[in-house]
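# Chains, contacts and geometry: an overview
Here is what each chain is made of, one letter per residue.
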There are 4 protein chains.
Amino acid sequence: MTSGKGKIINDPVYGFIRFPEKELLQIINHPLFQRLRNIKQMGLAQLVYPGAVHTRFHHSLGACHLMGKALDELSAKGVTITKEESLAARIAILLHDVGHAPYSHALENTLIEGISHENISRLIMHQLNSEFCGMLDMAIEIFNNTYHKQFLHKLVSSQLDVDRMDYLNRDSFYTGVSEGVIGYDRILQMLSIHDGELAVEEKGVHSVEKFIIARRLMYWQVYLHKTVLSAEILLINILRRARELAVDGADLFTTPSLHYFLYQQHTAKDMKSNSDMLSHYCNLDDNDIMTSIKVWQKYPDQILATLCKMLTERKLYKVILSSQSLDNEYNLKAEQIKKTHNVNNADLQYFLSTGVTSNDTYNINDDRIQIAMKNGTLLDISEIDNPIISQALAMPIHKNYICYAQPLI
Amino acid sequence: MTSGKGKIINDPVYGFIRFPEKELLQIINHPLFQRLRNIKQMGLAQLVYPGAVHTRFHHSLGACHLMGKALDELSAKGVTITKEESLAARIAILLHDVGHAPYSHALENTLIEGISHENISRLIMHQLNSEFCGMLDMAIEIFNNTYHKQFLHKLVSSQLDVDRMDYLNRDSFYTGVSEGVIGYDRILQMLSIHDGELAVEEKGVHSVEKFIIARRLMYWQVYLHKTVLSAEILLINILRRARELAVDGADLFTTPSLHYFLYQQHTAKDMKSNSDMLSHYCNLDDNDIMTSIKVWQKYPDQILATLCKMLTERKLYKVILSSQSLDNEYNLKAEQIKKTHNVNNADLQYFLSTGVTSNDTYNINDDRIQIAMKNGTLLDISEIDNPIISQALAMPIHKNYICYAQPLI
Amino acid sequence: MTSGKGKIINDPVYGFIRFPEKELLQIINHPLFQRLRNIKQMGLAQLVYPGAVHTRFHHSLGACHLMGKALDELSAKGVTITKEESLAARIAILLHDVGHAPYSHALENTLIEGISHENISRLIMHQLNSEFCGMLDMAIEIFNNTYHKQFLHKLVSSQLDVDRMDYLNRDSFYTGVSEGVIGYDRILQMLSIHDGELAVEEKGVHSVEKFIIARRLMYWQVYLHKTVLSAEILLINILRRARELAVDGADLFTTPSLHYFLYQQHTAKDMKSNSDMLSHYCNLDDNDIMTSIKVWQKYPDQILATLCKMLTERKLYKVILSSQSLDNEYNLKAEQIKKTHNVNNADLQYFLSTGVTSNDTYNINDDRIQIAMKNGTLLDISEIDNPIISQALAMPIHKNYICYAQPLI
Amino acid sequence: MTSGKGKIINDPVYGFIRFPEKELLQIINHPLFQRLRNIKQMGLAQLVYPGAVHTRFHHSLGACHLMGKALDELSAKGVTITKEESLAARIAILLHDVGHAPYSHALENTLIEGISHENISRLIMHQLNSEFCGMLDMAIEIFNNTYHKQFLHKLVSSQLDVDRMDYLNRDSFYTGVSEGVIGYDRILQMLSIHDGELAVEEKGVHSVEKFIIARRLMYWQVYLHKTVLSAEILLINILRRARELAVDGADLFTTPSLHYFLYQQHTAKDMKSNSDMLSHYCNLDDNDIMTSIKVWQKYPDQILATLCKMLTERKLYKVILSSQSLDNEYNLKAEQIKKTHNVNNADLQYFLSTGVTSNDTYNINDDRIQIAMKNGTLLDISEIDNPIISQALAMPIHKNYICYAQPLI
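Rules behind the numbers
Residues numbered from 1 in each chain as written. Chains lettered and ligands numbered in written order. Predicted model: local features only at pLDDT ≥ 70, side-chain atom pairs only at ≥ 80, totals over all residues. Helix = DSSP H or I, 4+ residues; strand = E, 2+ residues; numbered from the N terminus. Rg over C-alpha atoms; globule rule 2.2 N^0.38 Å. Buried ≥ 20, exposed ≤ 12 C-beta atoms within 10 Å, placed from the backbone. Contact = placed C-beta atoms within 7 Å. Axes fitted to C-alpha atoms, helices over the stretch in contact; angles between N-to-C directions. Parallel < 35°, antiparallel > 145°, perpendicular 65-115°, else oblique. Left-handed = near helix turned anticlockwise from the far one by under 90°. Nonpolar A, V, L, I, M, F, W, Y, C, P; charged D, E, K, R; others polar. Domains from an automatic or database assignment. Least-squares fit on C-alpha atoms with pLDDT ≥ 70 in both. Arc of directions from axis to C-beta. pLDDT = per-residue confidence, 0-100. Pairing = 2+ DSSP bridges.

Moving on, we get to the overall build of chain A. Scanning chain A from terminus to terminus reveals 20 helices and 9 strands. Its C-alpha atoms give chain A a radius of gyration of 23 Å, within 12% of the compact-globule value 22 Å for 409 residues. On the principal axes, the C-alpha backbone points of chain A span a range of 70 × 50 × 35 Å. Counting only residues that meet the buried cut, chain A has 49% of its 409 residues in that class. Summarising the internal contacts of chain A: among those between residues at least 6 apart in sequence, 68% fall at separations of at least 24.

Below, the discussion takes up the packing of helix α9 (residues 162-175) of chain B against helix α11 (residues 205-223) of chain B. Residues and elements named next belong to chain B. For the pair α9 and α11, the least separation of the axes is 11 Å and the interaxial angle reads 45°. On the basis of their axis angle, the class for α9 and α11 is oblique. Crossing handedness for the pair α9 and α11: left-handed. On α11, the residues touching Arg164, Leu168, Asp171, Ser172 and Thr175 of α9 are Ala214, Arg215, Met218 and Val222. Of the residues that constitute the contact of α9 with α11, the class distribution is 4 nonpolar, 2 polar and 3 charged.

Moving on to the domain arrangement of chain A. Taken domain by domain, chain A consists of domain 1 (7-95 + 136-223) and domain 2 (317-409). With centres defined by C-alpha atoms, the gap from domain 1 of chain A to domain 2 of chain A works out at 26 Å.

Moving on, we get to the packing of helix α6 (residues 117-131) of chain A against helix α7 (residues 137-144) of chain A. Residues and elements named next belong to chain A. The N-to-C vectors of α6 and α7 enclose an angle of 165°; their axes lie 10 Å apart at closest approach. With respect to their mutual orientation, α6 and α7 come out roughly antiparallel. For the crossing formed where α6 meets α7, the hand is left-handed. Between α6 and α7, the contacting residues are Arg122, Met125, His126 and Asn129 on the first element and Asp137, Ala139, Ile140 and Phe143 on the second. Of the residues in the contact of α6 with α7, the class split is 4 nonpolar, 2 polar and 2 charged.

The next point concerns the relation of the copies chain A and chain B. Under the fitted operation, chain A is carried onto chain B by 0.0 Å of movement along the axis and a turn of 180°, and the coordinates agree to an RMSD of 0.0 Å. Each copy turns onto its partner about a two-fold axis. Rotation axis and chain A: the residue whose C-alpha lies nearest the axis is Asn287 of chain A, separated from it by 2.5 Å. Both copies contact each other with a shared surface, as 100% of the interface residues of chain A are interface residues in chain B too.

Our next topic: helix α13 (residues 256-263) of chain A. Considered for burial, the residues of α13 of chain A that qualify are Leu258, Phe261 and Leu262 of chain A. The buried residues of α13 of chain A occupy an angular sector of 100° when projected down its axis, which confines them to one face.

What follows is about the interface of chain A and chain B. The figure often quoted for interface size is the accessible area lost as the parts come together. Taken together, the contacts link 35 residues of chain A with 35 residues of chain B. Within the residue set of the side of chain A that touches chain B, elements represented by two or more residues are β1 (7-11), α2 (31-34), α3 (56-76), α9 (162-175) and α16 (286-296) of chain A. Among the elements that make up the side of chain A that touches chain B, the one with the highest residue count is α16 of chain A (5 residues). Among the residues making up the side of chain A that touches chain B, the classes are represented as 14 nonpolar, 16 polar and 5 charged.

Once that is clear, we can look at the confidence of the model for chain A. Chain-level statistics for chain A give a pLDDT mean of 90 and a share of 93% at 70 or above. Listed scores for the predicted complex are pTM 0.87 and ipTM 0.93.

It is worth spelling out the sheet that holds strand β4 (residues 197-201) of chain D at this point. Residue and element names in this part refer to chain D. One open sheet accounts for 4 strands, arranged β3-β4-β7-β8; its pairing is mixed. Sheet topology places β3 (191-194) and β8 (378-380) at the edges, where each strand pairs with a single neighbour. For this sheet the average axis-to-axis angle between neighbouring strands, irrespective of direction, equals 45°. Sheet analysis places strand β7 (residues 370-372) next to β8, joined by 3 bridges and oriented antiparallel.

Of all 11 residues making up α16 of chain A, 10 are buried, and the element is well covered by its neighbours. Within α16 of chain A, the full set of buried residues consists of Asp286, Asn287, Asp288, Ile289, Met290, Thr291, Ser292, Ile293, Lys294 and Trp296 of chain A. Tucked inside the fold, the buried residues of α16 of chain A contact α12 (226-247), α13 and α17 (302-312) of chain A together with α16 (286-296) of chain B.

Another aspect to go through is the sheet that holds strand β6 (residues 352-359) of chain C. Residue and element names in this part refer to chain C. With antiparallel pairing, the 3 strands of this open sheet are ordered in space as β5-β9-β6. Every other strand in the sheet has two partners, leaving β5 (318-322) and β6 as the edge strands with one partner each. Between one strand and the next, the sheet's axes are offset by a mean angle of 25°, whatever the strand orientation. In this structure, β6 lies alongside strand β9 (residues 397-404), joined through 8 bridges in antiparallel fashion. Residue pairing for β9: Gly355 is matched across the bridge by Tyr401.

Now for the pairing of strand β2 (residues 15-19) of chain A. All names here are of chain A. Alignment of β1 against β2, held across 5 bridges, turns out to be antiparallel. Of the residues in β2, the one forming a bridge with Asp11 is Gly15. Hairpin connection between β1 and β2: a loop of 3 residues separates the two successive antiparallel strands.

Once that is clear, we can look at unusual backbone geometry. Of note in the backbone geometry, Asn342 of chain C takes a positive phi value of approximately 50° without being a glycine. Even without a glycine there, the phi angle at Asn145 of chain D is positive, about 60°. Among the secondary structure elements, Asn145 of chain D is positioned in the loop between α7 (137-144) and α8 (150-156). C-beta crowding within 10 Å serves as the criterion here: with 14 such atoms nearby, Asn145 of chain D is assigned to the partly exposed category.

Here the focus is the environment of Leu74 of chain C. Residues and elements named next belong to chain C. Relative to the assigned elements, Leu74 resides in helix α3 (residues 56-76). For Leu74, a count of 22 C-beta atoms within 10 Å gives the class buried. Leu74 has contacts with Val79, Ile81, Leu191 and Ile193, leaving out every residue within four places of it along the chain.

So, on to the environment of Phe261 of chain C. With respect to the element layout, Phe261 of chain C can be found in helix α13 (residues 256-263). Through-space distance from the C-alpha of Phe261 of chain C to that of Ser121 of chain C is 19 Å; in sequence the pair is 140 residues apart.

Turning our attention to the pairing of strand β3 (residues 191-194) of chain C. Residue and element names in this part refer to chain C. In this sheet, strand β4 (residues 197-201) lies alongside β3 in antiparallel orientation, the contact comprising 4 bridges. From the neighbouring strand, His194 faces β4, where its bridge partner is Glu197. Taking the residues between adjacent antiparallel strands as the criterion, β3 and β4 are bridged by 2 residues, where Asp195 takes a positive phi near 50°.

Here it is in structure tokens:
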């Protein structure tokens, strides 16, 4: 809907959200941004939470909306933020995920190894910047944290950025997991700047506590959900097998851009110099992956066909999670599966995987969440007298897992 | 999540919903049902409402949940409903949309002409029934309205069925258009059976009024939204052009199942006898269409390439809607477009379309919504003393439209 | 919560709402405004909807918040609104209900006959204005519609004012009647000024339609709900009986300010000159009424005691509603009740009442809702080609009722 | 609304809730239960959260609804619960708060010292039981934990009872404090019985964690909010002063039942034998207190008048909270206030109070929340490997406070 100034979009999470400047609309309408419509924010989590089919496009719009609210709040408190800075910060967050591959976790571990979606977002921002004649100069500085008002970067990327606020909110909305709902509006209203640093006012500390805990719960209940983990490992194994066959000269159905990555080996650092590679990368979305996997179900290689059938029909691996070692279980399952699935040692990996999954709720080595105490000092949230945060949340939790295929009937 | 009996799914619209019987789970887990995960409920409406990416899979689960609630309600009022009937009615609604093609409106007007998704749902139900050894016998009777308790069919398909209740609710939830929210729980609680007929108790009449009006508003604001209409016509034109080229022998990238329908002419009635055709049909989903269109952007035929680029980059047709004739506007635009797009009369159709769109809020010729009056009589809702429904809603509204491509820069 | 500038209040309906100017806070903190905390917005409706205990205090804050949003929207569209005007309009709406009596419908029909709460709001605004040295000058002009920018008055009081928007929203929120939920944010975003007149843009017409229908449904389902009607008539009868006894010299327990109105006859026009009367009026709230009625349950007069017991214990009148004449039913009941309740003709009125209740959804004789058509003209909403509004809603609906006490056990 | 079987009530928190049995309706309709309509659930918290005016009546209905859902869930898992037990458990929870005084915290510390509302609920249940000829026998056993299925008592009263679930949900709904929202439906679905003990299934542990943390946050943000604390202490001081004056023979305006407690000294243990005392107690509600305080604003005693004005006009004490000693601040303020308020040492207490407030989020000495581990064992939630609960929440937090009146202008 276009009304008065700019564009208004109906967002079930926040109600109407508005994009007033033509610069924002130019970016939103650009094909490189529209592509995010075809990349699901939560990848395969929809196999567990059928509502979770929202896209990175929608998340990026939402994060941009929250950035606007955060800046309005800070301005209302007397922080100087120019119109240019406000626009630049919103452009930076709008594009923070533009470099994501489809099912990025899986692709970054197989076909496009070593690639960082943040770096590609940066490359794309530079490309847009030359297309738009320098319009993104300041946005890029903010994104790279070279702009002198560092709090703008902190809002784009830190342990309390608008990216996390939007995705926690949006993911809990679309999954229906109420545990992830955060009081984002209260946190936004508690933001302030002290000596140039982004901080949360002391009386907002319970909201930050809630935010950290909501994130923790979303990790265990959603992002690291057994079945989601299982589906992601299955996808990794499918892509590995397909690559293996491709390297051996097999003639697999693929889309042109997936063909480019499946049949040729590319390294992360090529991306910068190889414009073809970036262009193919930006042409990939969820559809390429899922269409190919659907066709591969009938490919003669039994391993590839079986894995693709498992994903398409949602007959996923079973998962065991534990804080203890799972070596015994692994060995036991290995013997079984070699028989039931009739595979040799080399191919066992496709039916039995093991590894570690972890949840760092709050990383004390990372940018810290600062609390502006009433007495005027700034404290890291982990330093304040708060037993939940100080004692408990700081510790990452690791769990071992094994995933194994069940006998097919 | 599996707990106690059956499976529990987290639905953001209703909270936790439960599928207790193993028969329901067998159907939900079947590949023919899992396929619905890849068919968006609202097709291209996500180009206007970015949140509206929910699937027919999710809608079917939701409608099944509402069916359970409706039957519980009727049972609590003393209506005899056996366990078998309850299961059969839920199976019937679970599968009511299983025969949908991706972007069904567009496909049914181009590649797969004359096909009715209801008939295909029926074919698939028969196929599942033989696979599950007669488990769906009663469900099929209910679906076909040959079961003696006709109110069960009415709950599956009528002007006040759980299908509509779920999609109005769900579509308004995911679009964020609050106008479509209905008091579905109140309607469910007002259901009753009088002389074997499904009716709404008189005191529920305002809720039905609200339901009819919500539907009307959703039509104008969402389903028949100009931009959604524009995108659908664009998709139809893309598929028409692709078929035209295919018939001429062009070598278009497609997935195997889309190839089947693009390169061969099939009629609706072949489906019953041709198991290959059904199997290819059931292999199609949104991914096939969108992947192909993305690739076709680079196809040498300028018309196909242009149309595909317009859809992918969301540079849609402009639309004029009017209750008056638009013949003059059409002729004017025709002359312009032949010049700006350099097309001849035969190809003009790809850049300029015209037609009629309409909204029948309540069709008095269709199954009627019955109101059980306090005095014991049953009245059609249009007969009761209600000025909104009786005078206004019964009339369908037709609007003429023209859609035209803008000059490409 | 006080943060940065002004005060932030947590409103379950809108989330955090902010009152930035100290002038607003001075008014909110004034005892004459704080008094509204003790006057329920929906009076006796909580006897049907137990959640509906929200206050006029809360409604006034909410309406003030919506006024701020409406003015921001208009400003964003280029309408000139000065800071003073913005503050004045918010003061005007904040105080629009400040002259309400507790259970105003009942009191205005008994103890304080002929009084208009709007006039008393005006008196109180003048009193505050002299206390605050002219701070309310412009707010009073807007309230009185003597300010030259008439659209500001329209936002305070018209058929599409922020008063109605807040109460429909809030009342449906607290009753749980989802039928009353309106898309207030969409209406606000569709507001515009044409030739100095407040209008809704043409594309907002469905939202206005929804607003009018929501209001209609709230009338039938909530405001004119049989049981609410019954309770209000019972309260009127209690106050009438108490006054009758007081005039006869009975010694009834009352609070001092209720005593003033119960034992002395005052006319509406005295209020202006009699500062004692205004001061007692402003001292009355729901507590005075309910406390007294609770004590009167034990008063020796059997009629008063019975009626008070009926209200306190929620043994309300039975109600018959009909669009036909109820004269026969009335006569029948009259004979019965004279026996069962052992009352004479004079006292029959306390156990049997009759009258007419009506619902004017949209009054074409009143200020009209203007629609700004795309072709530049302004139309009254009832003139546009909209069958629901033009044919149906404009007609008021009258229903006859009788209320009668049931035999007490 | 009465429909089919029983009564349906519209609850904004849960949607429609149903009370099917006539026994429940008899209790709900009883004056002793209807009285709860006039006792706010959150007392004076509405001075901070204007939406928080919901009543103990509404909370009791909601808790009863949750009990029904919990029992349905357990039944669906195969736990034997007879119809009689189901009804009795719902009666027990419906009446668990029936013995509450208005502003019970304040009254129990002043006029009606030493009284436990739980004991009075018990007395009232006995009275209803004789009125209803033994209908409450089993409900009383469950309430008293003498019924052999102890899990029923646990659902009424323990650290994870439906009382807490409802009040956390309801209080966060009506305050608008989203931090208190809990996933009550998920907790209910995770309930199970192991060896006769109520437990939560292991996979529900994150929901319990969320529940405990939500409670903790509600304590700090709402229940122990500085301003709420301040208002409660003010109310205590008002009642103390009024009692002091009453004992001295002052003639204070009061309602008859408040008079009974203000002018006579009663001890908790009298209640059992003195039916007059119980009857007066059950006649008190919020209206008695607030009406009297409003009138006392004009009482000649300056201390009483000032305190009452402070409450009515919301000019509350200022509060300092600290985990350190506040003795110095106290002494300082004492000197100031004796001057500014012109009071002697004896009356200083009315303008300056000090004390300790505390928050026991989870009391390890109390009934424990049991977790049913997948390996079949039962563990106290504090024993499981969960850093948040085990290390942090178990410790109560104490804070010292001082409250002091500000100079009146």
